[in-house]
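# Chain and residue survey
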Amino acid sequence: MSLSGVCVTAVESRPAAALGGTSPSPVHRPFGARVKAFVALTKPRIIELLLITTVPVMFLAQQGVPDLRLVLLTCLGGYLSAGGANALNMYIDRDIDAVMDRTSQRPLVTGMVSPRECLAFGLALGVVSTLLFGLTVNWLSAWLSLGALLFYVVVYTMILKRRTAQNIVWGGIAGCLPVLIGWSAVTDSMSWAPVILFLVMFFWTPPHYWPLSMKVKDDYARAGVPMLPVIASNKVVARQIVIYSWVMVAVSLLLTPLGYTGWFYTVVALAAGGFWLWEAHGLQNRAKAEVTGAKLKEMRLFHWSITYVSILFVAVAVDPFLR
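Residues numbered from 1 in each chain as written. Predicted model: local features only at pLDDT ≥ 70, side-chain atom pairs only at ≥ 80, totals over all residues. Heavy atoms only, no water.

### Quick notes on the environment of Arg 34
Selection rule: To qualify as a helix, a DSSP run of H or I must reach at least 4 residues; to qualify as a strand, a run of E must reach at least 2; elements of each kind are numbered from the N terminus. With a 1.4 Å probe rolled over the protein chains alone, any residue whose accessible area is under 20% of its type maximum counts as buried; one over 50% counts as exposed, and the rest are partly exposed.
Among the structural elements, Arg 34 can be located in helix H1 (residues 31–41). Judged by relative accessible area, which is 17%, Arg 34 ranks as buried. Through-space distance from the C-alpha of Arg 34 to that of Ala 148 is 27 Å; in sequence the pair is 114 residues apart.

### Some remarks on the packing of helix H2 (residues 44–62) against helix H10 (residues 192–215)
Describing two packed helices takes the angle between their axes plus the distance from one axis to the other. Which entries qualify depends on this criterion: Only the stretch in contact is used when fitting a helix axis, every axis being a line fitted to C-alpha atoms; angles between N-to-C directions are given from 0 to 180 degrees. Angle categories: roughly parallel below 35 degrees, roughly antiparallel above 145, roughly perpendicular from 65 to 115, and oblique for all the rest. Here is the rule for handedness: rotate from the far helix to the near one, and if that takes an anticlockwise turn smaller than a right angle the crossing is left-handed, while a clockwise turn gives right-handed. Residues are treated as being in contact if the distance between any of their heavy atoms lies within 4.5 Å.
As a packed pair, H2 and H10 sit with axes 11 Å apart at the nearest point and diverge in direction by 160 degrees. Accordingly, the angle class assigned to the pair H2 and H10 is roughly antiparallel. Here the hand of the crossing between H2 and H10 comes out right-handed. In this structure, H2 uses Leu 49, Thr 53, Val 57 and Leu 60 to contact H10, whose residues at the interface are Ala 193, Leu 197, Met 201 and Trp 204.

### Some points on the environment of Ser 184
Rules: Side-chain atoms alone can form a polar contact between residues adjacent in sequence; in general such a contact is a pair of N or O atoms within 3.5 Å, and within protein one must be able to donate a hydrogen while the other accepts it.
Along the chain, Ser 184 turns up in helix H9 (residues 173–187). Taking C-alpha positions, Ser 184 is 8.4 Å from Met 58, a pair spaced 126 residues apart along the chain. Not counting the four nearest positions on each side in its chain, Ser 184 is found in contact with Asn 138, Leu 140, Ser 141, Leu 144, Ser 189 and Met 190. Within the structure, the side chain of Ser 184 is placed 2.7 Å from the side chain of Ser 141, a separation counted as a polar contact.

### Comments concerning the environment of Val 316
By the secondary structure assignment, Val 316 is in helix H15 (residues 298–318). Sequence spacing of Val 316 and Phe 59 is 257 residues, and the spatial spacing of their C-alpha atoms is 7.7 Å. Excluding residues within four positions of it along the chain, Val 316 makes contact with Pro 56, Val 57, Leu 60, Leu 197 and Tyr 265.

### Topic: the packing of aromatic side chains
Quick note on the threshold: The pairing test for Phe, Tyr and Trp rings, Trp by its six-membered ring, is centres within 6.5 Å, and the orientation test on the planes gives stacked under 30 degrees, edge-to-face over 60, and tilted for anything in between. Remark: a charge is flagged as sitting over a ring if the NZ atom of Lys or the CZ atom of Arg is within 6 Å of the ring centre and within 35 degrees of the ring normal.
This model, assessed by the stated rule, comprises 11 aromatic pairs. Between Tyr 152 and Tyr 156, the ring centres sit 5.5 Å apart and the planes meet at 20 degrees, which makes this aromatic pair stacked. Linking Tyr 152 with Tyr 156, this pair stays in helix H7 (residues 139–160), spanning 4 residues, or about one helical turn. The exposure class assigned to Tyr 152 is buried, which follows from its relative accessible area of 17%. With a centroid separation of 5.1 Å and 65 degrees between ring planes, the pair formed by Trp 276 and Tyr 308 is classed as edge-to-face. Of this pair, Trp 276 sits in helix H14 (residues 263–288) while Tyr 308 sits in helix H15, placing them 32 residues apart in sequence. Looking at Tyr 308, the relative accessible area reads 0%, which means it is buried. Here the aromatic residues Trp 170, Phe 202, Phe 203, Trp 210 and Tyr 244 are joined through ring pairs into a cluster of three or more. In this structure, Arg 94 packs its charged tip against the face of Tyr 91, placed 4.5 Å from the ring centre.

### Side note on the nonpolar core
Quick note on the threshold: To qualify as a nonpolar core, a set must consist of buried Ala, Val, Leu, Ile, Met, Phe, Trp, Tyr and Cys residues joined through side-chain atoms within 4.5 Å.
Residues Trp 276 and Tyr 308 are the most contacted members of the largest nonpolar core, which totals 86 residues. The element best represented in this core is H10, accounting for 13 residues. Not counting residues within four places of it along the chain, the set of residues in contact with Tyr 308 comprises Trp 204, Met 248, Ser 252, Ala 272, Gly 273 and Trp 276. Counting residues in hydrophobic clusters, the runner-up holds 8 residues, among them Ala 87, Met 90, Leu 108 and Cys 118.

### Considerations on unusual backbone geometry
If you check the backbone angles, Lys 43 has positive phi at about 55 degrees while not being a glycine. Its place among the elements puts Lys 43 in the loop between H1 and H2. Phi at Glu 290 is positive, roughly 60 degrees, even though this residue is not glycine. Assignment of secondary structure puts Glu 290 in the loop between H14 and H15.

### A short note on the pattern of salt bridges
Proximity of charged atoms lets side chains of opposite charge pair with each other. Basically, it comes down to this: In what follows, salt bridge is the name for a side-chain nitrogen of Lys or Arg lying within 4 Å of a carboxyl oxygen of Asp or Glu.
Within this structure, the stated rule accounts for 9 salt bridges. For the salt bridge of Lys 161 with Asp 93, the shortest nitrogen-to-oxygen distance reads 2.7 Å. Of the two residues, Lys 161 is situated in the loop between H7 and helix H8 (167–171) and Asp 93 in the loop between helix H3 (68–92) and helix H4 (94–97); the sequence distance between them amounts to 68 residues. You'll find Lys 161 and Asp 93 in the same group, each marked buried. It is possible to trace a salt-bridge network through shared partners that takes in Asp 93, Asp 95, Lys 161 and Arg 162.

### Structural notes on H7
A turn of α-helix holds 3.6 residues, and therefore any two residues three or four places apart point the same way. We count it as follows: A residue's bend is given by the angle between axes fitted to the 7 residues ending at it and the 7 residues starting at it.
Largest kink in H7: about 30 degrees, centred on Phe 151. Restricting attention to buried positions, one finds in H7 the residues Ser 141, Ala 142, Leu 144, Ser 145, Ala 148, Leu 149, Tyr 152, Val 153, Tyr 156, Thr 157 and Leu 160. Looking at the packing, one finds that the buried side of H7 touches H3, helix H6 (115–136), H8 and H9. Where H7 starts, the residue carrying a side-chain oxygen 3.3 Å from the main-chain nitrogen of Leu 140 turns out to be Asn 138.

Here's what the structure looks like:
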């Protein structure tokens, strides 16, 4: 599944304001709009998904209701850490964000936030989140959180994203670490259960993101980012999606035979996973038939992928109460 030798098109590295844009200086923008812009730097909608995978694992680790103060501190630390990583990602990617339609309204592109402000903001969130985890939760969670931030910013954003079509595969590891953080926050240790859920998220990430990349592949091509749909046909991408999907569903079923979950989680994982595979194979069949445009319906799998994670991890949280 590896792809190498990809040539990446160079793009202008200056922020949008330096590319002839007419956006006024951030100091002339309303205070409320500036606050919203800084919140937008953290990508709140993505962080919601990360918290969905963190909190249920805390219930599984506790085999019941964890300490609510611990849950709140873990969520706050996770938000600040992921928000810092996202802000630093926007700082590094401000050049390609300026030429992609889907990112053209991000705060650095519009000039609402300056690059220097964004860099300082991201670094500050990273430091605060690490200290918050270490001083109020435990240092294992703190190092895992810091590791997730560094992996996303350095390994994914700076090294992989513009160099290989496998960027989202390995870069997605950062998004899997909240599962380990949720477990370690409760137990201050590791176990096979969070590792299995980590692997579920690892194999979930490519078939979650590639359908979106199929939809906006022209954007990525214009920015010189070699996402798999940019350099491979829809047939190839859909085949990869199906492979990862089958592995993901298989891994999700390992929790029960290892004794971490019971009948409720198993039923939910089978039903949700079965519907996922139905959608993945449907996309593959349409790609094989060379269907293009709106009829390809690639976003159906993308939207379902978010629902799938929510359902699966709710089952993780509920299962201990039904055993």
